[in-house]
Amino acid sequence: MNKQNKLLFLLLLLGIGSVQAQIDTNEFKDLDEIDIYSLLKESVFKKVVVRFEESPGNLTEITHDEFANRGARDLMDVMRMIPGFEFAQNVNGQIGMGYQGMWAQQNKITLLVDNVVLNDGLLGGFSIAQRIPIDMIEKIQIVKGAGSVQFQGANTITTINIITRSGDKLEGARVSVSNGSYDSTFARRGISVVMGDNLGKNKYWTVIGSYNSGKITNIGKITPTSPSWEQQCNLSELFLFAKLKLNKWDIKYLLNNYTSQATIRQSTIRSLVQNLQISNEFKIKKTDLSILPVLNMSTQLPMNWIVQSPMVTDTNNIMQSKAQARLMLKHAYEDNKIKSLSYFGVDYNWEQNTLLQNKTKLNPYTSTSFYAQNVFQKNLSRIFINRLLVKTGVKADIQAGQKLNVSPKIGIEYYYKNLQINAFAGHYGINPNNYGNYLNANLKQEQIQSAQFRVNYIFKSNCNIAANVFMNKSSNMISFMQKKDYNDTFVNIASAGSQGIELEFNWKLMDGLHFKSYYTYFQKAHKDSNLYSLESGNSGLLGFASHKLYASLQYNLVNNYWINLNGQYYSKITGIKSGGRDKQDPLLMLDVTMNYSSPKSPIEVHTGIYNILNHNFKYFQAYNNPNNSSMGINNPVPGGGRELFLKIIFKLGFYDNDHQSVNYSNPIIF
Amino acid sequence: MAVGTMATFPVFDAWAQQEIDYTLHAKFLYHFTKYVEWPEDRRAGNFVVGITGNDELYNTMTRMAQVKKIKGQTMVVLRVKNTDDPSNCHILFVGKSKNAALPGFVLKIGNKSVLVITERTGSIRQGSDINFVINNNNLNFELNSTGASGKRMAVSSELRNLALRNE
């Protein structure tokens, strides 16, 4: 499609959107049927429910409407709207996530979809590039800092829980079709379907599926043996998530399949993760005491990073089967002044690894974990915002052949009128076995300390300024080492860490005009002077920009149209020493997007021009390393080239857009 | 309307509980007109609602005007500036942020039949006819039926009984 056609298409689309625009007037349909007496009984405050464990100190939420109106194309775009998150490409070409400079692989971030863990069992990470269709997402909860206790063990400096749409509210289907005119970036071409139905009496089903395909261009050299292999890769992915709720029984099933096929030489990068979770909450005495048994089962087929014909002996060719039985006891207490919510749990984990090359089964290993966590809130006055919260949690992992792994954490949150103060600290360990690295017997347990101090001040309820000082430190950091002979393994890095500050300024100028911004300063701290020159180059830290500025201006043009202007500035990216290039020049990215969405309309449209200033921009490449030709580093992925993106969502059947409440019985809390 | 919540930045989550929903004010405004009689010469033509200092209420009333009439008259919603003369309005709503301009508006209105509605404590004494009051999360109102009568508007006894206070 040439430029002129693109413009015409865009104009045509806007025209279609205009026809579809409807005035949202049903809110006054029954106005004459109600009387002034009933109005006197209505609450004057907006009905936004804030769960008490979702206090804002270390938990961030972003809803679908919010990120869709701000022009997000995929999960990477969404996470970039939140301070601290960036993306990088590892030695295997996977796009992974980082938080405050720490690489997410090796279990430093836990990614959940409706409480089902998405991290692979092999590297403890996940590939985030276009994996999860954002149309399936109702909201995303992020526990920043020392992560959620119950998902520790393989622990985390942050926990991300993606809450999907549910059939109890979604009575019908959403079909999303998208395409992007990408240059040197990732495919943003796909179709996704989200459908579900309410079966009545707290029963519903939901099925979510997506298929993405496209190409990665200019990805450079990957291996010393195939220097021109990956000039262009086709890429496809199938994602399936199904959940069924039958009264109290929750059954969730996740299938994640990722395939990449190079065009020049037959090669495949493939991963298959299946995960089944069954849970049930038994209320023992009304709502204050309940038991939650959870059964998690997962199978993971290998991530064959580089599969050549014939297949090389690659330690990554492992099939991993895992099962977890979890029993939780929940206790809640509330009176006029005090609220308390406690969880006590025990997990039993079983894991079996099989080498596919020779069908060798390795001995299964088991572990047991105990944990407890509590959120205690004391209202210091009758005003909701004047309160004190204390959050405590501890988890102990017992695993044969490993040291006892005890992970305590504590947080204090204080709210006085317009001032919010939050302090959080946690210590936790990562046992090597947690991600199936059974080959390196000398690997030591990783110990991580994480702390943050956040102050937030609100001006007149429509404006706030916040500062968050953070520190993450890891001793014996576990890092993946890819070797030239494919005899890959894990190594301990002596110590590594990051520290810095995040500043936020948000201003709701008026109804329909919102400005949001943040600035992050990030500094690496590590003792290994030669950290980035390890053979693998996988340092566990990312080559983040020291300074990043993000700003977003949203304008509600007409009732259902949002125009959005996004800007991101990355300072020179440093700390990349093994790649033959030790810096990335400063980068400014600008996006202009439009979102049309109305509960009454059968279609939604998201479109925009992304990265306007950088037509030929190619993301920084890990593999063109003249000194160490095979090995890359955790490279930053600021974005692709200029892209015209279009997504149309068709809403079929009766569709209720009111997604304010979600039932999920296993909250991440903190 | 698909309005994104301000949930990205957690501050607004907590604060949102205190955020006022002006849809309720709009519904009250509509129902007030059932309890107030305007003089004969104001019962023809458009029913004009002037709003100053509250964009959210203006947007809500604009949406309402597309589907509702008041006493058989077409509702027209206008944004009123400090320098405007609101005498041709049937209702003038003065938002909190423009309360300082209330005495000026009252002076311009004089004895013309404009029902002045406000949302700030003490406004009744400054010439407001109806002042919204938030009471235990509910919206209530104070009334100055004497002032309204002085402008040839008749306030029903039912509305007077409903008011928290009537002067």
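Cut-off values and rules
- Residues numbered from 1 in each chain as written.
- Chains lettered and ligands numbered in written order.
- Predicted model: local features only at pLDDT ≥ 70, side-chain atom pairs only at ≥ 80, totals over all residues.
- Heavy atoms only, no water.
- Helix = DSSP H or I, 4+ residues; strand = E, 2+ residues; numbered from the N terminus.
- Buried < 20%, exposed > 50% of the residue type's maximum accessible area, 1.4 Å probe, protein only.
- Contact = heavy atoms within 4.5 Å.
- Areas by Shrake-Rupley, 256 points an atom, 1.4 Å probe, with all protein chains shown as cover.
- Core = buried A, V, L, I, M, F, W, Y, C linked by side-chain atoms within 4.5 Å.
- Pairing = 2+ DSSP bridges.
- Axes fitted to C-alpha atoms, helices over the stretch in contact; angles between N-to-C directions.
- Salt bridge = Lys/Arg side-chain N within 4 Å of Asp/Glu carboxyl O.
- Polar contact = N/O pair within 3.5 Å; in protein donor to acceptor, adjacent residues only side chain to side chain.
- Patch = residues over 30% accessible without salt bridge, like charges linked within 9 Å, V, L, I, M, F, W, Y side chains within 5 Å.
- pLDDT = per-residue confidence, 0-100.

J.: Even after reading the chapter, I still don't get the overall build of chain B, so can you show me in this structure?
T.: Along chain B, the regular secondary structure elements total six helices and 10 strands. For chain B, the residues scored as buried account for 57% of the 167 residues in total. A sequence separation of at least 24 residues applies to 59% of the contacts in chain B between residues at least 6 apart. For chain B, the accessible surface area stands at approximately 6,700 Å², while carbon and sulfur atoms represent 47% of it.

J.: Would you explain the nonpolar core in this entry?
T.: Here is a general trend for soluble globular proteins: nonpolar side chains tend to be buried in one another's company. Core analysis: the biggest nonpolar cluster contains 50 residues, and A:Met97, A:Ile132 and A:Ile140 have the highest contact counts within it. A per-element tally of this core places helix H4 (residues 75–80) of chain A first, with four residues. Sequence-distant contacts of A:Ile140, that is, excluding residues within four places in its chain, are made with A:Thr60, A:Glu61, A:Ile62, A:Phe67, A:Leu75, A:Val78, A:Ile160, A:Asn161 and A:Ile162. Formed by 43 residues, the second largest nonpolar core is a distinct cluster that contains B:Ala26, B:Leu57, B:Ile130 and B:Leu162.

J.: I'm lost on the pairing of strand E21 (residues 387–399) of chain A in this one. Help?
T.: The side chains of a regular strand alternate, first on one face of the sheet and then on the other. Residues and elements named next belong to chain A. Along E21, the buried face is formed by Arg 387, Leu 389, Lys 391, Gly 393, Lys 395, Asp 397 and Gln 399; none of Leu 388, Val 390, Thr 392, Val 394, Ala 396 and Ile 398, which line the opposite face, is buried. Inspection of the sheet shows strand E20 (residues 365–379) paired to E21 by 13 bridges, in the antiparallel sense. Directly across from Ser 369, in E21, lies its bridge partner Asp 397. Bridge analysis of E21 against strand E22 (residues 405–416) gives 11 bridges, and the strand direction is antiparallel. Bridge assignment links Arg 387 to a residue of E22, and that residue is Tyr 415. Taken together, E21 and the strand that follows it, E22, pair antiparallel across an intervening segment of five residues, in which Gly 401 is found at a positive phi of about 80°.

J.: Explain the sheet that holds strand E8 (residues 138–143) of chain B to me, please; I cannot follow it from the model alone.
T.: Whenever strands of a sheet pair, they do so through backbone hydrogen bonds, lying parallel or antiparallel. All names here are of chain B. Pairing is mixed in the open sheet, where eight strands are placed in the order E3-E4-E2-E5-E6-E7-E8-E10. Each edge of the open sheet carries a strand with a single partner, namely strand E3 (69–70) and strand E10 (165–166). Pairing between strand E7 (residues 130–135) and E8: six bridges, direction antiparallel. Of the residues in E8, the one forming a bridge with Val 133 is Asn 140. Contacting strand E2 (47–52), strand E5 (91–94) and strand E6 (115–118), helix H4 (residues 102–109) runs over the sheet at an angle of about 165° to E5.

J.: Help me understand unusual backbone geometry in this model?
T.: Apart from glycine, the bulk of residues carry a negative phi angle, and the bulk of peptide bonds sit in the trans form. Residue and element names in this part refer to chain A. Unlike most non-glycine residues, Asp 114 shows phi in positive territory, near 45°. Position of Asp 114 relative to the elements: it lies in the loop between strand E5 (109–113) and strand E6 (116–117). Although it is not a glycine, Asn 611 sits at a positive phi angle of roughly 50°. By the element assignment, Asn 611 lies in the loop between strand E31 (603–610) and strand E32 (635–636). Residue classification places Asn 611 among the buried positions, given a relative accessible area of 3%.

J.: Looking at this structure, how should I read helix H2 (residues 22–32) of chain B?
T.: What sets the pattern is the α-helix's 3.6 residues per turn: residues three or four places apart point alike. Burial analysis of H2(B) places 11 of its 11 residues in the buried class, the great majority of the element. For H2(B), every residue scored as buried is listed here: B:Tyr22, B:Thr23, B:Leu24, B:His25, B:Ala26, B:Lys27, B:Phe28, B:Leu29, B:Tyr30, B:His31 and B:Phe32.

J.: Looking at this structure, I do not really get the environment of B:Asp41. What am I missing?
T.: Residues and elements named next belong to chain B. Note that Asp 41 resides in the loop between strand E1 (36–37) and E2. With a relative accessible area of 53%, Asp 41 lands in the exposed category. Considered as a pair, Asp 41 and Ser 113 are 72 residues apart in the sequence and their alpha carbons are 9.7 Å apart.

J.: Can you help me understand the pattern of salt bridges in this one?
T.: Oppositely charged side chains can pair when the atoms bearing their charge come close. Residues and elements named next belong to chain A. The final tally for this structure, using the stated rule, is 27 salt bridges over all chains. Residue Asp 114 pairs with Lys 243 through a salt bridge whose shortest N-O separation is 2.7 Å. Remark: Lys 243 occurs in strand E12 (residues 232–246) and Asp 114 occurs in the loop between E5 and E6; sequence separation between them is 129 residues. Of the residues examined, Lys 243 reaches a relative accessible area of 7% and is grouped as buried.

J.: What exactly am I supposed to notice about the environment of A:Asp35 here?
T.: With respect to the helices, strands and loops of the structure, A:Asp35 is situated in the loop between helix H1 (3–20) and helix H2 (36–39). Among the polar contacts listed, one links the side chain of A:Asp35 to the backbone nitrogen of A:Tyr37, at a separation of 3.1 Å.

J.: Looking at this structure, I do not really get a nonpolar patch on the surface. What am I missing?
T.: Residues and elements named next belong to chain A. Nonpolar side chains collect at one region of the surface, where Val 177, Ile 191, Tyr 211, Leu 238, Phe 650 and Leu 652 lie side by side and expose about 500 Å² of accessible area between them. Position of Leu 238 among the secondary structure elements: in strand E12. Take Leu 238: its relative accessible area is 38%, and that puts it in the partly exposed class.

J.: Help me out: how do you make sense of the sheet that holds strand E7 (residues 137–143) of chain A in this one?
T.: Residues and elements named next belong to chain A. Spatial strand order, E1-E7-E8-E5-E6: five strands in an open sheet with mixed pairing. Edge positions in the sheet fall to strand E1 (59–63) and E6, since each of these pairs with one other strand and no more. Across five bridges, E1 lies against E7 in antiparallel orientation. By the bridge assignment, Leu 59 is partnered in E7 with Val 143.

J.: Help me understand the confidence of the model for chain A, please; the structure alone is not making it clear to me.
T.: Detailed reading of the predicted coordinates is not advisable wherever pLDDT is low. Residue and element names in this part refer to chain A. Residues at a pLDDT of 70 or more form 66% of chain A, whose mean pLDDT is 73. Confidence, expressed as mean pLDDT per element, reaches its minimum in chain A at H1 with 44 and its maximum at E31 with 93. Confidence drops under a pLDDT of 50 for residues 576–582, and excluding neighbours within four residues, the segment shows 24 contacts in the predicted structure. Contacts from residues 619–633, a stretch scored under 50 in pLDDT, to residues over four places away or in other chains number 66 contacts.

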